[in-house]
Amino acid sequence: MVTTVAPTLASSLGTSGCKEADFVTLTLETSLCQQLSSAATSITATCLQSEDEALRHQGAADNIDIIYKSGGSVLYEVDCRQLGGCSTLQGRLFDRVVFNFPHCGRKSGVKKNRELLKEFFHSCVQVLADDGEVHVSLCNGQGGTPADHPRREWHNSWQVAAMAAEAHLILTDVQPFESEKYHSYKCTGYRSQDKGFHVENALLHVFTRSLPYTTPQVLAVEETLGEEKVKYNVPTELSDYVFRDFLCSGSTHPVRLAQDLLFKGLTDNWLVSMMTETTPLLLTAKELQGHCHHINTLQCYSIQLLQKDLKHDPETSKESDRDSLCLNSQECKDACTAMCASSGNEETVKSKETSSSKLSRSPEVDPEGESSVYVLRPSLLPQMEDLLNKKEELPCNNRGQEDGEENNESDIDEGHRNEGVCGVRNGDSSLLQLFCMSGLVFRNVSINLWAMPCFHELLFRGVFPSDSKPVMLLGQHLERLLAPHGVTVAAKEDVCLTAQPMGVVGRVFASDASEKAKQVTVNVSLNLDLLAVLMFSIPDWRLLWSHDPHFLKQFALCPSPGKAFQPFSLFPEHIRFDISFWTGSSWEEKRFHALVREASHGTAQQVKLIDRFSHPDLSQTSYCYRLTYHSHTHALSHTQALQFHKQLEVFLSSRLQVTIR
């Protein structure tokens, strides 16, 4: 029996296409009508039989009469697999569709019932409201999810979540089927007979629409580096990570909540000044070599410039920097809207992350190709050092409180605006000052479960007396702050903060430590994304980048760290495909992983090399990789994953000139 209930004043739908006996007697619909008779709810019940056939069954006429008297309606000869083609349902959208214990009838196997579910899901989305729900009740074990006890083997279940994913629906909730709520309900139809079946431990599965997949866009960014204005393409696989404003003032994104917790925790012992100057995403190779000794340069994204303007006016740059400061989420959105171009295919957007950053579509490549000296920043450290050198506030001098009051208010956190730059608070000279900044950084890493190509770094930097063992001191303080979330500290020369299962989540290290120096500069680098995952028990870091409102809705009230995130897509399937190909002598595995990210729309969770063979005569090498597709943010069906995999084959053949085997 399939029924649709819409808890609104608008029309609502119910439909059936299975061969259960209950769809004839309409006992579920009758019970629902009796329960909801006083609510602003309209119920439409349907059955596959004609009206004459339905009325032959005992009790059917009385139940139909109750439905009509309750304001509902009954439709006959409606196939649940063809709801979109039903003329009576044309132009109607429903808030809830209920399919109660579907079955193909008689002694049918699991494959036929899977097919019934898949066709039903494809059909019902044609009459489902955008925020509507689909309710499917199944006997215990049929669904094939971890909610079933005992759980059947996957191949012997109906695979209800996978079948729904074929229609771009996600499983959002699983509840016990409480038959006692429906007083007049009778479950009959065992093998198409007037016999009951067991509903003990039966489960109600609730499905909602998934957001559609969006094709990665080619984004060109225009930034100011010193006195130069440069333009470059963001790598396509990173296009969805930039300009997201997670750290804007007023944001309730979990990454921002993690930053606020850490900032507050360190202000208990040190003066912490948040630096809010806008900085570019791009670094020169010289800046990278001079400041990022702790970064593996092989993990940097090399950038080829599209355009370079050497006649840039520094004064104009300063004015542009001031104009591009983002104060809150709404102002950032307004700035983006104001900068959008209205002609041609050009789209220009100003970003809070960069100085005069702009987006455009498909620009012309600079023929000079000055690319080898630029990378996407793998760390904020070079830019923090540059800003502090300009301020001449590090190392700390004895200019006193008067000089400290001359700092620009936008450069110092609100809570410490009137404190001395030397870190003296309330006359206590033991409280030293830390400078802090946060923003996106990029790492060109291979695809695996906890490898992030882009994340938010929170960086602290301060000067300490060498004899105070500041690296260990900061490490111990961070351990006390983060221990409730599973973070531990391993100390050697540097302090490494780790957690399971992701590994390293931060480091504390000295920049200029020497035995004779009386002072040492100490840096604290923290991965805010991984820490947010730990603090809120988020199962996958990719959820942080979800556009689905179900995600941010859970953080709208700024929950305290420790409150576990409730996944809005339950039990997503892991789908695996192998790919093998011949390459030439110039094979670059990094480019392969970049194409996997792009082709899979970020759903590739793991890429594993399972075979490699070099031909002795042809100077070719064969590689075989196993790809695991998995998504907590979108409905990922076997069909959709296969489309991504086929797209990857096209990318490899056209862009890397490999021969697919």
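This one's a predicted model, so the numbers in the text were calculated from it and none came from an experiment.

What counts as what
- Residues numbered from 1 in each chain as written.
- Predicted model: local features only at pLDDT ≥ 70, side-chain atom pairs only at ≥ 80, totals over all residues.
- Heavy atoms only, no water.
- Helix = DSSP H or I, 4+ residues; strand = E, 2+ residues; numbered from the N terminus.
- Buried < 20%, exposed > 50% of the residue type's maximum accessible area, 1.4 Å probe, protein only.
- Contact = heavy atoms within 4.5 Å.
- Areas by Shrake-Rupley, 256 points an atom, 1.4 Å probe, with all protein chains shown as cover.
- Pairing = 2+ DSSP bridges.
- Axes fitted to C-alpha atoms, helices over the stretch in contact; angles between N-to-C directions.
- Salt bridge = Lys/Arg side-chain N within 4 Å of Asp/Glu carboxyl O.
- pLDDT = per-residue confidence, 0-100.
- Phe/Tyr/Trp six-rings, centres within 6.5 Å; stacked < 30°, edge-to-face > 60°.
- Lys NZ or Arg CZ within 6 Å of the ring centre and 35° of its normal.

### Observations concerning the overall build of the protein chain
Scanning the protein chain from terminus to terminus reveals 17 helices and 23 strands. By the burial criterion, 54% of the 661 residues in the protein chain qualify as buried. Contacts in the protein chain between residues at least 24 apart in sequence constitute 74% of all its contacts with a sequence separation of at least 6. Per element, the accessible surface of the protein chain, about 30,900 Å² overall, is 48% carbon and sulfur.

### Some thoughts on the side chain of Asp540
Of note, Asp540 is situated in the loop between helix 14 (528–535) and helix 15 (549–553). A relative accessible area of 3% means that Asp540 is categorised as buried. Excluding residues that lie within four positions of it along the chain, Asp540 makes contacts with Gln605 and His632.

### What about the sheet that holds strand 12 (residues 305–309)?
The strand order 8-9-12 describes an open sheet built from three strands, whose pairing is antiparallel. Each edge of the sheet is formed by a strand with only one pairing partner; in this case those strands are strand 8 (219–225) and strand 12. Neighbour-to-neighbour, the strand axes of this sheet turn through a mean angle of 20°, independent of strand direction. Pairing between strand 8 and strand 9 (residues 228–234): seven bridges, direction antiparallel. Counted as the bridge partner of Thr224 is Lys229 from strand 9.

### Focus on the pattern of salt bridges
The full count for this structure, using the stated rule, is 14 salt bridges. One salt bridge connects Lys308 with Glu228, and the closest N-O pair in it is separated by 3.7 Å. Within this pair, whereas Lys308 is found in strand 12, its partner Glu228 is found in strand 9, the two being separated by 80 residues in sequence. On the accessibility criterion, Lys308 (26% relative accessible area) is partly exposed. Notably, a salt bridge pairs Asp578 with Arg626, separated by 2.7 Å at the nearest N-O pair. Residue Asp578 is located in strand 20 (residues 575–583), and its partner Arg626 is located in strand 22 (residues 621–629); the two are separated by 48 residues in the primary sequence. You can call Asp578 partly exposed: its relative accessible area is 37%. Connected through salt bridges with shared partners, the residues Asp79, Arg81 and Glu119 form a single ionic network.

### A word on the sheet that holds strand 22
In any sheet, the strands associate via hydrogen bonds between backbone groups, in a parallel or an antiparallel arrangement. One open sheet holds the four strands; their spatial order is 21-22-20-23, and the pairing between them is antiparallel. Each of the sheet's edge strands pairs with one partner strand only, and the pair in question is strand 21 (604–614) and strand 23 (659–660). Pairing geometry for strand 21 and strand 22, over nine bridges, is antiparallel. Note on strand 22: the bridge partner recorded for Asp611 is Cys624. The strands touched by helix 17 (residues 638–655) within the sheet are strand 20, strand 22 and strand 23, with strand 20 carrying the most contacts at an inclination of about 10°.

### A word on the pairing of strand 19 (residues 519–527)
As a general feature of sheets, a regular strand has side chains that alternate between the two faces. In terms of residue burial, strand 19 counts as a mostly covered element, since eight of its nine residues are buried. Two elements, strand 15 (residues 454–465) and strand 19, share nine bridges in a ladder whose sense is antiparallel. Note that in strand 19 the partner of Phe464 across the bridge is Val520. Pairing of strand 18 (residues 503–510) with strand 19 involves five bridges; the strand directions are antiparallel. Residue Ala510 lies in a different strand from strand 19, and its bridge partner there is Val522.

### Some points on the environment of Ala641
Among the structural elements, Ala641 can be located in helix 17. In the structure, Ala641 is positioned 37 residues away from Ala604 in sequence and 9.2 Å away in space, judged by C-alpha atoms. Among residues more than four places away in sequence, those in contact with Ala641 are Ile575, Phe577, Tyr629 and Leu636.

### Overview of the confidence of the model for the protein chain
Note: predicted coordinates in regions of low pLDDT should not be interpreted at a detailed level. Averaged over the protein chain, the pLDDT score is 80; the fraction of residues at 70 or greater is 75%. Counting contacts from residues 5–25, a segment whose pLDDT is below 50, to residues more than four positions away or on other chains yields 112 contacts. Long-range and interchain partners of residues 393–430, a stretch whose pLDDT sits below 50, account for 62 contacts in this model, where long-range means more than four residues apart.

### Things to note about the packing of aromatic side chains
Enumeration over the complete set of coordinates arrives at 22 aromatic pairs. Judged by centre distance (5.1 Å) and plane angle (85°), the rings of Tyr213 and Phe644 are edge-to-face. With Tyr213 in the loop between strand 7 (203–209) and strand 8 and Phe644 in helix 17, the pair connects residues that are 431 residues apart, well separated along the chain. What makes Tyr213 buried here is its relative accessible area of 19%. Between the aromatic rings of Phe581 and Tyr623, the centroid separation amounts to 6.3 Å while the plane-to-plane angle is 35°, which identifies the pairing as tilted. With Phe581 in strand 20 and Tyr623 in strand 22, the pair connects residues that are 42 residues apart, well separated along the chain. The pair Phe581 / Tyr623 is uniform in exposure class, with both members buried. Within the aromatic cluster, the residues linked to one another by ring pairs are Phe536, Phe551, Phe555, Phe565 and Phe568. Sitting over the ring of Phe651, Arg655 keeps its end group 4.1 Å from the ring centre.

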